[in-house]
Amino acid sequence: MAWAECINLLKYLKRLFRSIKNSKTIDFMITLTYNIIKRGIDGIPQGDIKKLQGNTELYRLRVGIWRILFTYPDNETVLIEEIAPRGGAYKGV
């Protein structure tokens, strides 16, 4: 996972958990979620992966409530296109 994607994910998670008052809880939830997503990405090509219908290059990895959309530009590269909660991952695809 590229550093820019990690930073964007952390910013997203902070906005998502902004309503929780206890900052230690927020930090724990952000770290836990980040680690779950990172483990899923590091485990590619294993995991719950499906090729998306109607799209010849895009794949979906399911990690809990998260969906990671990615492509294989070449045999040794995984390009992460989007990381989003289940409901918003497929919009605009």
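Here the structure is a predicted model, which is why all the values come from computation and not from measurement.

Asker: Can you tell me about the overall build of the protein chain, naming the residues and giving the values?
Answerer: Along the protein chain, the regular secondary structure elements total two helices and four strands. Going residue by residue from the N terminus, the α and β elements of the protein chain occur as α-α-β-β-β-β. The 93 residues of the protein chain split such that 29% are buried. The contacts of the protein chain with a sequence gap of at least 6 include a subset with a gap of at least 24, amounting to 28%. In the structure as shown, the protein chain presents an accessible area of about 6500 Å², 53% of it carried by carbon and sulfur atoms.

Asker: Please give an account of the sheet that holds strand 3 (residues 66-74) that cites residues and values.
Answerer: If you trace the four strands from one edge of the open sheet to the other, you get 1-2-3-4, paired in antiparallel fashion. The sheet is open, and its two borders are formed by strand 1 (48-51) and strand 4 (77-85), each paired with just one other strand. The mean angle between the axes of side-by-side strands here comes to 25°, regardless of whether they run parallel or antiparallel. Pairing of strand 2 (residues 59-63) with strand 3 involves five bridges; the strand directions are antiparallel. By the bridge assignment, Leu61 is partnered in strand 3 with Ile68.

Criteria and thresholds
- Each chain carries its own residue numbering, running from 1 in the direction its sequence is written.
- Local features in this predicted model are restricted to residues of pLDDT 70 or higher, and side-chain atom pairs are both shown and tallied only at a pLDDT of 80 or more, whereas totals for entire chains, interfaces and linings draw on every residue.
- The basis for the side-chain values is all heavy atoms of the structure; hydrogens and waters are excluded.
- A run of H or I in DSSP counts as a helix once it spans at least four residues, and a run of E counts as a strand once it spans at least two, with each numbered from the N terminus.
- Accessibility here uses a 1.4 Å probe with only protein chains present; expressed as a share of the type maximum, an area under 20% marks a residue as buried, one over 50% as exposed, and anything in between as partly exposed.
- Two residues qualify as a contact provided that any one of their heavy atoms is within 4.5 Å of a heavy atom in the partner residue.
- Accessible surface is estimated by sampling points in the Shrake-Rupley manner with a 1.4 Å probe; for residues, cover comes only from the protein chains shown.
- DSSP calls a pair of strands paired once it identifies at least 2 bridges connecting them.
- The angle between two axes is taken between their N-to-C directions and runs from 0 to 180 degrees, where each axis is a line fitted to C-alpha atoms and a helix contributes only its stretch in contact.

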